[in-house]
Amino acid sequence: MGLLSEFKKFAMRGNVVDMAVGVVIGGAFGLIVTEIVGKVITPIIGYLQGGVDFKDAAWELPVPEVIDGMKAPMIGYGAVLQAILNFIIVAFVLFLVIKAMNRMVKKEEAAPAPPSEEILLLREIRDALAKRS
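This part takes up the overall build of the protein. Each helix and strand in the protein was counted, giving four helices and two strands. Within the span of the protein, comprising 133 residues, buried residues form 7% of the whole. Restricting the contact set of the protein to residue pairs at least 6 apart, pairs at least 24 apart contribute 46%. Accessible area for the protein stands at about 11,600 Å²; split by element, carbon and sulfur atoms hold 69% of it.

Okay, structure coming up:
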């Protein structure tokens, strides 16, 4: 029974639970960003490029004359370019989202809390001592 209780203690620690919540929310957020990129941003970029789709772009390598009926091997560089473009778009969208979130957090932190009563009393004492000197 010691192993089960030790596992329960490990699994219920704050770090593990926080990490699990972060992974689940991160996965859901990743799906949102992927859909935004795939369904909104990528079509706009494709439209601006005149309908160019990189996925099917490839270089056809020459076939040796010895082999008849062999299809030419293809180097599909288009899929790599599309993946790089998608990565850049996703990274930029995440940058914008995190920047907006940081701006909201800074606004919340920007309002300073009024000084506590103890601080006000200490200031009065400091000022009174400064006048006596």
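What follows covers the pattern of salt bridges. Counted according to the given criterion, the structure contains one salt bridge. Note that Arg126 and Asp127 form a salt bridge whose closest N and O atoms lie 3.3 Å from each other.

Okay, a positive patch on the surface next. There is a patch of like positive charges on the surface, built from Lys99, Arg103, Lys106 and Lys107. Structurally, the position occupied by Arg103 is in helix 3 (residues 77–110).

Procedures and definitions
- Residues numbered from 1 in each chain as written.
- Predicted model: local features only at pLDDT ≥ 70, side-chain atom pairs only at ≥ 80, totals over all residues.
- Heavy atoms only, no water.
- Helix = DSSP H or I, 4+ residues; strand = E, 2+ residues; numbered from the N terminus.
- Buried < 20%, exposed > 50% of the residue type's maximum accessible area, 1.4 Å probe, protein only.
- Contact = heavy atoms within 4.5 Å.
- Areas by Shrake-Rupley, 256 points an atom, 1.4 Å probe, with all protein chains shown as cover.
- Salt bridge = Lys/Arg side-chain N within 4 Å of Asp/Glu carboxyl O.
- Patch = residues over 30% accessible without salt bridge, like charges linked within 9 Å, V, L, I, M, F, W, Y side chains within 5 Å.
- Lys, Arg positive; Asp, Glu negative; His and termini not counted.
- Charge placed at Lys NZ, Arg CZ, Asp CG, Glu CD.

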